[in-house]
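# Overview (structure and organization)
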Amino acid sequence: MTLLFQDGDFISHAGLPLAWKIECDAITTDEWRCLAKMIMDYQKGPFSRAEGIPRGGVPLGEALNEYGTGNPHHPVLIADDVYTTGTSFREYIEEHYKDQHVIQWCVFARRHTENGVKALFTMPS
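To start, this report covers the structure provided alongside it. Here the structure is a predicted model, which is why all the values come from computation and not from measurement.

## A closer look at the overall build of the protein
- Assigned secondary structure in the protein consists of three helices and six strands.
- Going residue by residue from the N terminus, the α and β elements of the protein occur as β-β-α-β-α-β-α-β-β.
- Relative to the 2.2 N^0.38 estimate, which gives 14 Å for 125 residues, the radius of gyration of the protein is 14 Å and therefore close to what a compact globule would have.
- Along the first, second and third principal axes, the C-alpha atoms of the protein reach 45 × 30 × 25 Å.
- Looking at the protein residue by residue over its 125 residues, the buried ones come to 42%.

See the structure below:
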């Protein structure tokens with residue numbers, strides 16, 4: 001059984017040492033669907049489709065895609081599982097959506113988010 005919250009020594013995507021991590025591989029497909037539904041309680045504007053940042057954001061993107069309008073005039077929603085520094089969002093958008101308006105969501109934020117990223121759950125500062 002994989003634990004969602006893990007104690008130990010880890011390195012973040014941005015290279016930061018972490019004393020604990022949130023292992024979202026422990027989240028089931030049904031739980032991703034529920035998390036997507038929860039995000040949609042707060043997502044105000046429409047989006048054409050959802051796209052998850054590989055690797056951790058893919059299941060959330062797939063679950064959020066159910067709520068996409070399919071309208072190419074609506075922005076794309078970019079999803080990730082955990083926000084630590086925002087590096088994954090910045091790199092992904094720079095590579096795939098430079099100079100385009102996108103909507104950004106994650107489930108967990110280890111700190112307050114920046115650059116328009118919204119988080120369902122945020123750790124206190």
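## Describing the pattern of salt bridges
- Going through the model one piece at a time under the given rule, you end up with six salt bridges.
- In this structure, the salt-bridge partner of Arg49 is Glu51, at a minimum N-O distance of 2.4 Å.
- You can call Glu51 buried: its relative accessible area is 16%.
- Ionic pairing is found between Glu114 and Arg111, a salt bridge with its closest N-O pair at 3.5 Å.
- Arg111 sits in the partly exposed class, given a relative accessible area of 31%.

## Things to note about the layout of surface pockets
- Taken as a whole, the largest pocket spans an internal volume of roughly 650 Å³.
- Taken together, 30 residues line the largest pocket, and the ones lying closest to its centre are Ser12, His13, Asp81, Val82 and Ser88.
- Elements represented by at least two residues in the lining of the largest pocket include exactly strand 1 (5-11), strand 2 (17-22), strand 4 (76-83) and helix 3 (87-96).
- Per element, the largest residue contribution to the lining of the largest pocket is seven residues, and it comes from helix 3.
- By residue class, the composition of the lining of the largest pocket is 12 nonpolar, nine polar and nine charged.

## So, the packing of aromatic side chains
- For the coordinates displayed, the defined rule picks out three aromatic pairs.
- On the basis of an interplanar angle of 75° and a centroid distance of 6.2 Å, the ring pair of Phe5 and Phe108 is categorised as edge-to-face. With Phe5 in strand 1 and Phe108 in strand 5 (residues 102-109), the pair connects residues that are 103 residues apart, well separated along the chain.
- Note on Phe108: relative accessible area 9%, which makes it buried.
- Three or more aromatic residues link up through ring pairs in this structure, and these residues are Phe5, Phe108 and Phe121.
- The residue whose ring lies beneath Arg110 is Trp20, and the NZ or CZ to ring-centre distance is 3.7 Å.

## Overview of the nonpolar core
- By size, the foremost hydrophobic cluster in this structure holds 20 residues, and its most contacted members are Cys24, Trp32, Leu60, Leu64, Leu77 and Phe108.
- At the level of elements, helix 1 (29-40), helix 2 (58-64), strand 4 and strand 5 are the ones that each hand at least two residues to this core.
- If near-sequence neighbours (up to four positions away) are discounted, Trp32 is found in contact with Cys24, Ile27, Gly56, Pro59, Leu60, Ala63, Asp81 and Val107.
- Membership of the second largest hydrophobic core comes to 12 residues, among which are Val76, Tyr83, Tyr97 and Val117.

Rules and cut-offs
- Residues numbered from 1 in each chain as written.
- Predicted model: local features only at pLDDT ≥ 70, side-chain atom pairs only at ≥ 80, totals over all residues.
- Heavy atoms only, no water.
- Helix = DSSP H or I, 4+ residues; strand = E, 2+ residues; numbered from the N terminus.
- Rg over C-alpha atoms; globule rule 2.2 N^0.38 Å.
- Buried < 20%, exposed > 50% of the residue type's maximum accessible area, 1.4 Å probe, protein only.
- Salt bridge = Lys/Arg side-chain N within 4 Å of Asp/Glu carboxyl O.
- 1 Å grid on protein atoms, 1.4 Å probe; cavity = no way out; pocket = protein on both sides within 12 Å on 5 of 7 lines; lining within 4 Å.
- Points joined across faces, edges and corners; volume = space filled by probe spheres on them.
- Nonpolar A, V, L, I, M, F, W, Y, C, P; charged D, E, K, R; others polar.
- Phe/Tyr/Trp six-rings, centres within 6.5 Å; stacked < 30°, edge-to-face > 60°.
- Lys NZ or Arg CZ within 6 Å of the ring centre and 35° of its normal.
- Core = buried A, V, L, I, M, F, W, Y, C linked by side-chain atoms within 4.5 Å.
- Contact = heavy atoms within 4.5 Å.

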